[in-house]
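Survey of secondary and tertiary structure
As a plain string of letters, each chain reads:
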Amino acid sequence: MATESEGEDEGKLPGILNLVVDDDLREMAKKAAWSVSSCKPGNGVHFLRDDNLETYWQSDGAQPHLVNIQFQRKVKLQLLVLYVDFKLDESYTPSKISVRAGDGFHNLKEIKMVELRKPIGWVSIALSGTDPRETFINTFMLQLAVLSNHLNGRDTHIRQIRVYGPRPNPVPHQPFQFTSKEFTMYSSIR
Amino acid sequence: MAMEAVLVDCINTSLRLYMYRNATFLCERLCAEFPSEINLQLLASCYLRNNQAYCAYHILKGTKMAQSRYLFALSCFQMDLLREAEVALCPRNEPNPELPNGAAGHYLLGLIYRYTDRRKIAVDHFLKALEMDPFLWAAYEELCILGAAEKASDIFGESAVLRLQQKHLSWDMSSKYSESGADDHSTLLGTRSLSANDSSPRHLKQLHDNGHREIAAHSQGTTVGTGKGTQHSNSGPPNVSLYSTPSPVSTQFSAAPPPLYRNAHAQSNMSMVGGEGSPRSAANAVNQAPRKKIMDEGKLRKSSRSSSARAAYSQVSGRLFSDSGLRRSSRLASDTSSQASSNASHVGGNGPSHSSAKLFGSFPSTSKMNSGSGRSGTARKGHSWSTENFDEGRRIDASDDAGSDDMAVSRSAISVSGDDKTHLRDRTNSVIGVAPNSSRIASGALELLGLLRTLGEAYRLSCMYRGQEALEAYHKLSQSQYATGWVLCQVGKAFFEMVDYLEADRAFSWARRVSPYTLEGMDIYSTVLYHLEEEMRLSFLAQELISTDRLSPQAWCAIGNCFSLQKDHETALKNFQRAVHLNPRFPYAHTLCGHEYVALEDFDNGIKCFQSALRSDSRHYNAWYGLGTIYLRQEKFGFAEHHFRRAFQINSRSSVLMCYLGMALHSLKRHEEALEMIDNAILADKKNPLPMFQKANILFSLGRFDEALKDLEQLKEFAPRESSVYALMGKVYKRLNRPEKAIFHFGSALDLKPCATDAAAIKSAIEKLHVPEEIEDNL
C-alpha cells in the first residue's frame with residue numbers, strides 16, 4: 001500500500017509530497033482511454049498524464065466534473081493517486097471526490113467517497129471493495145467525480161492522476177507467486 | 001611510374017601503422033593520378049579499414065576483378081545490402097564462378113546466405129571454406145551456430161592435415177617460380193593446389209594477372225600478390241581486419257615486415273633477378289636484417305618465411321647450427337619417402353652450413369617434427385621433390401647472402417667461410433631450409449589443428465546444448481588456454497544453459513578478472529546476475545560495460561537487465577531497444593525486448609520481437625520459449641505447446657523448459673504426458689523446485705490430493721520459506737476437509753509475506769474455510 005499518514009475513517013486526506021508505491025504494484029492506465037466531462041482550451045485531459053506537476057487539467061462546466069478511465073479489459077485495481085496543490089490552486093482544489101466503478105457509463109456504482117482538506121501533494125485513495133479483505137476491484141471502467149471544490153470554487157484543477165494495480169504472475173497460470181529466491185531463480189528462462 | 005610506387009609504399013606504411021586518414025588521402029591522390037583497378041582496390045581497403053564501407057561500395061561498384069568483387073561484397077555486407085553482395089561474389093552469368101580469396105570468399109558468401117535464411121547453402125559454403133582453410137575457425141563457429149557442425153575431429157583432423165601438406169608442396173612449387181614475387185594468393189587460401197607441373201604456367205599466368213597488382217600494391221596489405229603463408233597474415237586488408245582468416249602458420253610469420261616485401265617487389269620491379277640494391281639497405285628494423293640477406297625472389301620469400309619462422313621459434317641464445325643441421329640431415333636421410341634419398345643427398349652435402357643458421361633458427365620444433373613424423377614425412381617428400389627441382393632450375397646469384405652485417409641477429413657462432421662455398425651452401429641450404437621449415441610448419445599446423453579440434457568440439461557441444469559434455473571438453477585444454485576470456489565465457493554460458501547460475505557466476509567473474517575488456521558473453525552474465533537477483537553486482541557490471549564501450553549491444557543489455565530487475569520495465573525496454581539498434585543481428589537483444597513487452601503485457605509487440613530474434617538465429621531457444629509463454633498467457637495452448645517443444649528440441653537439458661512444456665501439456669488436458677515431462681524435469685535438475693511445484697499443482701487439479709501433498713511436503717523440506725508452497729498445501733487440506741491443517745498452512749503462508757494478490761486470496765480462503773465446499777467460490 002502507499003504510505004499514508006492518516007486514518008482512513010475520517011475520509012480527510014492530506015497530501016504527501018513524495019509518492020512511494022509498493023514494488024508489487026504497477027501503473028495500469030497507460031493503455032486506458034481517458035476522457036473528461038469538460039476542459040478549458042489549453043488545459044486538456046492529457047495534462048493529467050504528462051508526468052509534469054506544473055501542468056494541470058482545468059474543467060469548464062457544471063459540477064460534478066468527471067474524469068473517466070476506460071480499460072480494454074477487466075483489470076484489477078488497487079490504488080488511485082492524484083496530485084493536487086491547495087497553495088497553488090486554492091479555490092480550484094477539489095474537496096469532495098467520489099470514485100465510481102463499473103462496466104460502462106450505464107452501470108457505474110460508487111465505491112469510495114473521500115474528502116480533502118487543503119491537500120498539498122499526492123493523495124492516495126485505496127480502491128478496496130466493500131469487503132475490506134478484498135484489496136482489489138475488478139472493473140472495466142473507473143470514474144473520478146469532483147463533487148465540490150475548496151472555497152466553493154466552480155472549476156477544478158487536477159495536476160496528475162495515476163492508477164495502480166497488481167503485477168501479473170511471472171509464471172503464467174500458477175495459483176500463487178513465488179516469494180523466495182530459490183524459486184524465482186528457476187521460475188523462468190530469460 | 002616511380003611516383004606511383006612511392007605513393008603505394010607510403011600508403012602501405014600508413015595502413016600498417018593505422019594512420020588511416022593519411023592513407024586515404026594519399027590513396028585518393030594515387031587513384032587520381034594513376035587510375036587503375038588495383039589502385040581502386042587499395043583505396044577501398046583504406047576506406048574499409050576506416051569503417052567507411054559506403055565509400056568502398058561506391059568506388060568498387062561494377063568492378064570485375066576477383067579481389068575487387070570481394071571487397072565490394074564486403075562493403076555491401078557491412079551496409080546490409082546482402083543481395084548485391086551475393087551477386088558480386090557469384091555473378092549470375094558465370095555458372096560456377098571461382099570465389100575470390102578462396103576460403104574467405106566462401107565464408108563471406110556463407111554469411112550472406114545465413115542472413116538471407118538459406119541455411120543449407122550457407123552450410124555448404126562454410127564447409128567449403130573450412131576445406132580450403134582448415135584454420136578458418138569463424139566458419140566452424142558459424143556451422144555450430146547453425147546447428148550443422150560435424151565433429152571437430154572431422155573438420156580439424158586428418159584430411160585437413162593432408163590438405164595442408166599439399167599446400168606446403170605447392171608453396172614450394174610456387175616459390176620457385178616467383179621471379180617477380182607475384183604469387184597469387186597464398187595457397188593456404190589456396191583456390192588451387194599447385195602441382196609441380198602446373199605451377200609454372202599457372203604461375204606465369206598469375207604473374208601476368210597480378211604483376212600489375214604487384215607493382216601497384218606492394219604492401220602486406222595486398223599480399224594477394226605475395227603468396228605463401230607468410231603473407232597470409234597480411235593477405236588483403238579485409239581478411240585481416242574483419243575475418244581474422246589468417247592461418248596460424250602465417251601468424252608465425254607475422255613478423256614478416258612490409259619493407260621486406262617492398263624490397264622484394266621493388267627489386268622485382270627494378271630487376272627481375274634479385275639483385276643487391278639500395279632497397280634492401282633501406283630495410284629498417286634489425287629483425288628484418290637477416291632477411292635482407294637473401295637475394296633472389298624465391299629465396300627471398302622462402303627465407304622470409306624461414307626467418308620469420310625463426311623469429312617465431314627462435315631463442316636468442318643461439319644454438320650452433322651444425323648440430324641441428326646434422327640432426328636434420330640425418331632425419332631427412334632416414335625419411336622413407338621415395339625421394340628422400342635424393343633429398344638426403346642434397347642434405348648430406350650440406351652438413352654444417354653456417355649461413356643456414358639464420359634460416360633454421362632454433363629447433364624446438366625438431367621434437368614436433370618427430371611427433372608429426374608420419375605426416376611431415378609426406379611433407380618432406382613433397383618438399384624434397386621441390387627441392388630437387390629447385391636445384392635443377394636455379395642458380396641465382398646468391399652473391400650477397402654473405403652480407404654478414406645483416407646476420408646480426410643470426411647465430412653468430414657460425415663463421416662464414418669463403419664466399420663461394422657459402423654461396424653454394426647458402427643456396428642449397430636455403431633450399432634445404434625449405435624442407436625443414438615446411439616440416440616445422442607442418443608440425444606447427446598440426447599442433448594448431450589439435451588445439452582447434454579441442455576448442456571446436458567443445459564449442460560444438462555447447463551449441464548443441466550438451467552442457468556437461470562441453471564442460472568436459474573445455475577442461476581438456478591447457479591451463480593457459482582455459483584461463484582466457486573466451487573459454488571462460490563459454491564455460492559460463494554452458495552452466496547458464498544448464499540452469500546452474502552459481503557456477504556460471506563463478507566462471508564469468510573469473511572471465512572478467514582475466515580479461516575485463518571482453519564484452520562478448522557479458523549479456524549472458526548480466527542475465528545470470530538477474531536470475532540470482534544480485535542488484536548491486538548487476539549494476540556494477542553494467543556501469544563497467546558501458547564505460548568500456550558505449551556502442552556495444554551487450555552493455556545496453558546489461559543496463560536493461562538492471563532496470564528489469566527493479567521492475568522498471570519501460571526503461572528496460574528502451575535500453576534493450578538501443579541494443580537492437582546497435583546491432584540488429586544480435587538475437588539476444590531482440591529476445592530481451594520481447595520479455596519486457598510481455599512484462600508490460602503488450603503481447604503483439606512481444607511476438608514481433610521474438611520472431612525477429614528467430615530470424616537472426618533460428619536456434620535461439622530463449623525466443624521459442626518467449627513465444628510459448630505469450631501463447632500460454634493468451635490461452636492458445638496448442639501454440640504454446642508447439643513453441644515450448646521447439647525450444648525443448650534445441651535445448652533438451654533445461655529443466656525449466658521441460659517444466660513449461662509440461663504446463664502447456666497440462667493446459668491441453670494431456671495429463672499423462674504432462675506428468676511425464678515434469679518428472680523428467682525433476683530428474684534433470686534436482687535443485688529446481690519449479691517442476692515439483694507444478695507437479696503438485698497438476699496433481700491437485702487432477703484430484704490426486706495425497707500425492708500432491710507428498711510432493712509438497714518434499715518441497716517444504718527443500719525450501720522452507722516459500723509462501724506459495726504453504727498456500728497450495730492449505731488449499732489441498734481444505735479440499736480434503738481438514739480445516740485445522742488448512743488454517744495452519746494458510747497462516748504460515750501469510751506469515752511468509754506473499755504478494756498482495758496472494759495475500760488477499762489466502763485471506764479470503766481462510767474466511768471461506770467454514771463454508772461447505774459446494775457453495776465456495778473459485779479459489
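Residues numbered from 1 in each chain as written. Chains lettered and ligands numbered in written order. Predicted model: local features only at pLDDT ≥ 70, side-chain atom pairs only at ≥ 80, totals over all residues. Heavy atoms only, no water.

**With respect to the overall build of chain A**
Heads up, the condition is: Helical segments are the DSSP runs of H or I of at least four residues, strand segments are the runs of E of at least two, and each set is numbered from the N terminus. Here the term buried applies to any residue with accessible area under 20% of the maximum for its type, exposed to any over 50%, and partly exposed to those in between, with areas from a 1.4 Å probe on protein chains only. Any two residues whose heavy atoms approach within 4.5 Å are treated as being in contact. Reported accessibility uses the Shrake-Rupley method at a 1.4 Å probe radius. Residues are deemed covered only where the shown protein chains occlude them. Positive: Lys, Arg. Negative: Asp, Glu. His and the chain ends are not part of the count. Taken as the charge centre is NZ of Lys, CZ of Arg, CG of Asp or CD of Glu, depending on the residue.
If you tally the helices and strands in chain A, you get two helices and twelve strands. Seen in sequence order, chain A has helices and strands lined up from the N terminus as β-β-β-β-β-β-α-β-β-β-β-β-β-α. Dimensions of chain A along its principal axes, counting C-alpha atoms only, are 55 × 35 × 35 Å. Taken across its 190 residues, chain A has 52% of its residues classed as buried. A fraction of 75% describes how many contacts in chain A between residues 6 or more apart in sequence connect residues 24 or more apart. For chain A, the accessible surface area stands at approximately 8700 Å², while carbon and sulfur atoms represent 50% of it. A gap of 4 Å separates the mean positions of the 23 positive and 23 negative side-chain charges of chain A.

**Focus on the overall build of chain B**
Looking only at helices and strands, one finds 44 helices and zero strands in chain B. A burial count over chain B gives 62% of its 779 residues as buried. In chain B, of all internal contacts separated by at least 6 residues, the share reaching a separation of at least 24 is 62%.

**A look at the packing of helix H29 (residues 501–514) of chain B against helix H30 (residues 522–531) of chain B**
Residues and elements named next belong to chain B. Going by this rule: Axis definition: a line fitted to C-alpha atoms, over the contacting stretch in the case of helices. Angles run 0 to 180 degrees between N-to-C directions. Here is the rule for angles: anything less than 35 degrees is roughly parallel, anything more than 145 is roughly antiparallel, 65 through 115 is roughly perpendicular, and the remaining ranges are oblique. Take the far helix as your reference; a near helix turned counterclockwise from it by less than a right angle gives a left-handed crossing, and one turned clockwise gives a right-handed crossing. Note that Gly is not counted as nonpolar here; it falls among the polar residues with everything else outside the nonpolar set of Ala, Val, Leu, Ile, Met, Phe, Trp, Tyr, Cys and Pro and the charged set of Asp, Glu, Lys and Arg.
Where H29 meets H30, the axes come as close as 10 Å, and the angle between the chain directions of the two elements is 135°. Classified by the angle between their axes, H29 and H30 sit oblique to one another. Where H29 crosses over H30, the two elements pack in a sense that is left-handed. Along the contact surface, H29 presents Tyr501, Ala504, Asp505, Phe508, Ser509 and Arg512, while H30 presents Met522, Ile524, Tyr525, Val528, Leu529 and His531. Across the contact of H29 with H30, the residue classes break down as eight nonpolar, two polar and two charged.

**A short note on the pattern of salt bridges**
Residues and elements named next belong to chain B. Rules: By convention in these notes, a salt bridge is any Lys or Arg side-chain nitrogen within 4 Å of a carboxyl oxygen on Asp or Glu.
Inspection of every chain in the model, using the stated rule, returns 31 salt bridges over all chains. Between Asp80 and Arg585 there is a salt bridge, with the nearest N and O atoms lying 2.2 Å from each other. In this pair, Asp80 sits in the loop between helix H5 (66–78) and helix H6 (82–89) while Arg585 sits in the loop between helix H33 (569–582) and helix H34 (587–599), placing the two residues 505 residues apart along the sequence. Here Asp80 falls in the partly exposed class, since its relative accessible area comes to 48%. A salt bridge links Arg704 to Glu707; the shortest N-O distance between them is 3.1 Å.

**Some remarks on unusual backbone geometry**
Pro64(A) follows Gln63(A) through a cis peptide bond whose omega is -5°. With respect to the secondary-structure elements, Pro64(A) resides in the loop between strand E4 (57–58) and strand E5 (65–77). If you check the backbone angles, Asp80(B) has positive phi at about 70° while not being a glycine. Phi is positive for Lys669(B), close to 70°, though the residue is something other than glycine. Secondary-structure assignment places Lys669(B) in the loop between helix H38 (655–667) and helix H39 (671–684).

**As for H34(B)**
Residues and elements named next belong to chain B. Formally: Helix span is expected to be 1.5 Å times the residue number reduced by one.
Between its first and last C-alpha atoms H34 spans 19 Å; for 13 residues at 1.5 Å apiece the expected length is 18 Å, and the two agree. For H34, a buried count of twelve out of 13 residues is recorded, marking the element as mostly surrounded by other parts of the structure. When we look at burial in H34, the residues that qualify are Pro587, Tyr588, Ala589, His590, Thr591, Leu592, Cys593, Gly594, His595, Glu596, Tyr597 and Val598. For H34, the elements touching its buried residues are helix H28 (485–497), H30, helix H32 (553–565), H33, helix H35 (603–616) and helix H36 (621–633).

**Side note on the sheet that holds strand E12 (residues 160–166) of chain A**
Residue and element names in this part refer to chain A. The condition that has to hold: By definition, two strands form a pair when at least two bridges between them are found by DSSP.
Taken together, the four strands give an open sheet; going across it, the order is E2-E12-E6-E9, and neighbouring strands pair in antiparallel fashion. Either end of the sheet is taken by a strand with one partner, and the two such strands are strand E2 (25–27) and strand E9 (120–126). The mean inter-strand angle of the sheet, taken between neighbouring strand axes irrespective of direction, is 25°. Strand direction decides the pairing type here: strand E6 (residues 79–85) and E9, joined by seven bridges, are antiparallel. Note on E9: the bridge partner recorded for Tyr83 is Trp122.

**Some details on the environment of Arg162(A)**
Residue and element names in this part refer to chain A. The test is simple: Distance and chemistry together define a polar contact, namely a pair of N or O atoms within 3.5 Å, with one atom able to donate a hydrogen and the other to accept it when in protein, and with adjacent residues in sequence counting only for side-chain atoms on both sides.
Following the sequence through the fold, Arg162 ends up in strand E12. Each C-alpha atom, one on Arg162 and one on Lys87, is 21 Å from the other, the two residues being 75 residues apart in sequence. When sequence neighbours within four positions are dropped, the list of residues in contact with Arg162 reads Leu19, Glu27, Arg49, Asp51, Leu79, Leu80, Val81 and Trp122. Polar contacts involving the side chain of Arg162 include one to the side chain of Asp51, which spans 3.1 Å.

**A few points about the UniProt feature "repeat: TPR" (unreviewed entry) in chain B**
Residues and elements named next belong to chain B. Going by this rule: UniProt positions are given in the numbering used here, feature names are shortened, and annotations may be inferred rather than shown by experiment.
The UniProt entry lists residues 103–136, 553–586, 587–620, 621–654 and 723–756 under the feature "repeat: TPR" (unreviewed entry), expressed in the numbering used here. Along residues 553–586 the backbone is 79% helical and 0% strand, and the end-to-end C-alpha distance reaches 8 Å. Here residues 621–654 is 79% helix and 0% strand, with 10 Å between the C-alpha atoms at its ends.

**Looking at the confidence of the model for chain A**
The line we're drawing: For every residue, the predictor states its confidence as a pLDDT score lying anywhere from 0 to 100.
Chain-level pLDDT for chain A is 85 on average; 90% of the residues reach the 70-or-more range. Confidence drops under a pLDDT of 50 for residues 1–11 of chain A, and excluding neighbours within four residues, the segment shows 17 contacts in the predicted structure.

**Some points on the interface of chain B and chain A**
Using the following cut-off: Here's the idea: put two parts together, see how much 1.4 Å probe accessible area each one loses, and the total over both is what we call buried area.
Counting residues at the interface gives 62 residues for chain B, matched by 36 residues for chain A. Here chain B meets chain A over a buried area of about 4200 Å², counting both sides, of which 57% is carbon and sulfur. Inspection of the region where chain B meets chain A yields five salt bridges. Linking chain B to chain A there are 21 residue pairs in polar contact (both at pLDDT 80 or more).

**So, the environment of Lys120(B)**
Take Lys120(B): it is sitting in helix H8 (residues 119–132). When the C-alpha positions of Lys120(B) and Glu673(B) are compared, they lie 34 Å apart, and in sequence the two are 553 residues distant.

**What about H29(B)?**
In a regular helix each residue adds 1.5 Å, so 14 residues correspond to 20 Å; H29(B) covers 20 Å between its end C-alpha atoms and thus fits that length. Among the residues of H29(B), those classed as buried are Tyr501(B), Ala504(B), Asp505(B), Ala507(B), Phe508(B), Ala511(B) and Arg512(B). On its buried side, H29(B) packs onto helix H2 (181–186) of chain A together with H28, H30 and helix H31 (535–548) of chain B.

**Quick word on the nonpolar core**
Here is a general trend for soluble globular proteins: nonpolar side chains tend to be buried in one another's company. This is how it is decided: We call a set of buried residues a nonpolar core when its members are Ala, Val, Leu, Ile, Met, Phe, Trp, Tyr or Cys and they connect through side-chain atoms within 4.5 Å of each other. Annotation comment: domain bounds sourced from an automatic or database domain assignment.
With 197 residues, the main nonpolar core has Ile11(B), Leu89(B), Tyr140(B), Phe156(B), Tyr474(B) and Tyr660(B) as its most contacted residues. When residues of this core are assigned to their parent elements, the largest contribution, ten residues, is made by helix H25 (residues 419–463) of chain B. Two domains each provide a minimum of three residues to this core, namely domain 1 (1–132 + 190–222) and domain 2 (366–378 + 485–721) of chain B. Aside from chain neighbours lying at most four places away, what touches Tyr140(B) is Leu130(B), Ala149(B), Glu150(B), Lys151(B), Ala152(B), Ile155(B), Phe156(B), Gly456(B), Glu457(B) and Arg460(B). If you look at the next biggest cluster of nonpolar residues, it comprises 29 residues, including Ile69(A), Ala101(A), Ile125(A) and Val163(A).

**So, the confidence of the model for chain B**
Residue and element names in this part refer to chain B. Of the residues in chain B, 64% reach a pLDDT of 70 or more, and the chain-wide mean stands at 73. Predicted confidence is poor over residues 179–433, with pLDDT under 50, and the contacts of this stretch with residues over four places away or in other chains come to 493 contacts. This complex was scored by the predictor with a pTM of 0.70 and an ipTM of 0.83.

**Brief notes about a negative patch on the surface**
As a reminder of what qualifies: Residues forming no salt bridge and having over 30% relative accessible area are the ones grouped into patches, like charges within 9 Å of each other and nonpolar side chains (Val, Leu, Ile, Met, Phe, Trp, Tyr) within 5 Å.
A surface patch of like charges, here negative, comprises Asp22(A), Asp23(A), Glu533(B) and Glu535(B). Among the secondary structure elements, Asp22(A) is positioned in the loop between strand E1 (12–13) and E2.

**Quick notes on the pairing of E12(A)**
Residues and elements named next belong to chain A. Taking burial as the measure, the seven residues of E12 include six buried ones, the bulk of the element. Where E2 and E12 come together, three bridges link them in antiparallel fashion. Note that in E12 the partner of Arg26 across the bridge is Gly165. Of the pairings in the sheet, the one linking E6 to E12 comprises five bridges and is antiparallel in character. By the bridge assignment, Tyr83 is partnered in E12 with Gln160.

**Quick word on the domain arrangement of chain B**
All names here are of chain B. Domain boundaries assigned for chain B yield domain 1 (1–132 + 190–222) and domain 2 (366–378 + 485–721). Contacts between the two partners involve six residues from domain 1, matched on the other side by four residues from domain 2. Across the domain 1 to domain 2 interface the summed buried area is about 410 Å²; carbon plus sulfur atoms make up 36%. Sorting the residues of domain 1 by area buried against domain 2 places Arg114, Tyr115 and Asp117 first, and these three jointly supply 71% of that buried surface. Summed over the shared surface of domain 1 and domain 2, the result is one salt bridge. Looking at the side of domain 1 that touches domain 2 residue by residue, the classes come out as three nonpolar, no polar and three charged.

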